[in-house]
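Analysis of the macromolecular model
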Amino acid sequence: MDTKKGKGKGKGKGKGKKKVKKAKKKTPNDGNDKSYRRWTLEEELVLADVLRDQRSLGNKGDGGWKPVAYNTASSMLSAHFKISITINNVRNRIKSWKRIYAVVSDILGKFGYSWDGNKYMLTVDDENSWKE
């Protein structure tokens with residue numbers, strides 16, 4: 001009988017088990033299909049200008065932006081900043097804006113909050129609003 005550890009067949013610890021590789025977590029820039037990007041304020045301002053122009057050209061309907069608007073925004077931003085900004089980057093940024101708008105709109109719908117047009121920020125009109 002073999003008494004050396006790790007040799008032979010038996011029911012000892014770790015015997016007969018295969019090592020399983022853990023899946024690598026996706027990180028923002030590891031070359032996977034999903035790309036995450038952090039937008040700068042300047043990039044957002046240019047995107048807003050491009051989309052404003054696209055809206056005036058009739059490239060936004062009731063159902064949302066037309067594909068030409070996304071294509072134009074993507075190519076103009078890429079050329080302006082000399083980086084690759086994809087159509088999906090533009091779509092996702094617009095989605096983020098919509099989520100932020102929904103939160104701000106919800107807050108403004110509550111009693112005691114208003115918008116300061118000079119400071120471009122939410123203000124609390126009634127200090128009791130914080131307690132709710």
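Up top is the structure these notes are about.
Predicted model only: the values in this text are computed from it and were never measured.

Re the overall build of the protein chain
When helices and strands are tallied, the protein chain shows 3 helices and 4 strands. If you list the helices and strands of the protein chain from N to C, you get α-β-β-α-α-β-β. Here the protein chain holds 132 residues, and the buried ones make up 22% of them. Restricting to contacts in the protein chain with at least 6 residues of sequence separation, those with at least 24 account for 31%. As displayed, the protein chain has an accessible area near 11400 Å², and 54% of this comes from carbon and sulfur atoms.

Regarding the pattern of salt bridges
Counted under the stated rule, the structure contains 3 salt bridges. Here E44 makes a salt bridge to R93, at a shortest N to O gap of 3.4 Å. Pair noted here: E44 is in helix α1 (residues 41-56) and R93 is in helix α3 (residues 87-108), with a separation of 49 residues, a long-range link. Here the two residues E44 and R93 agree in accessibility, since each one is buried. Of the charged contacts, one joins R52 and D49 as a salt bridge, the two residues approaching to 2.7 Å between their closest N and O atoms. Residue R52 and its partner D49 are both found in helix α1; the two are separated by 3 residues, about one turn of the helix. The partly exposed category is assigned to D49, whose relative accessible area is 38%.

A short note on the nonpolar core
In terms of nonpolar packing, the biggest core is built from 14 residues, with L47, W65, L77, V90 and I94 touching the most fellow members. Of all the secondary structure elements, the ones that give two or more residues to this core are α1, α2 (67-81) and α3. Here this core gets 5 residues from one element, more than from any other, and that element is α2. The contact partners of L47, leaving out residues within four places of it in the chain, are W39, A73, L77, V90, R93 and W97.

Thresholds applied
- Residue numbers restart at each chain and count upward from 1, following the sequence in its written direction.
- pLDDT decides what is reported in this predicted model: residues at 70 or higher carry local features, side-chain atom pairs at 80 or more are listed and counted, and totals for whole chains, interfaces and linings draw on all residues regardless.
- Hydrogens and waters are ignored; side-chain quantities use all the structure's heavy atoms.
- Under the scheme used here, helices are H or I runs from DSSP no shorter than 4 residues and strands are E runs no shorter than 2 residues, and both carry numbers assigned from the N terminus.
- We call a residue buried when its accessible area falls under 20% of the maximum for its residue type, exposed when it is over 50%, and partly exposed in between, using a 1.4 Å probe and counting protein chains only.
- Should any heavy atoms of two residues lie within 4.5 Å, those residues are counted as being in contact.
- Here the accessible surface of atoms and residues is derived via Shrake-Rupley with a 1.4 Å probe, and residues count as covered only by protein chains that are part of the display.
- Criterion for a salt bridge: a side-chain nitrogen of Lys or Arg within 4 Å of a carboxyl oxygen of Asp or Glu.
- Put simply, buried Ala, Val, Leu, Ile, Met, Phe, Trp, Tyr and Cys residues joined by side-chain atoms within 4.5 Å make one nonpolar core.

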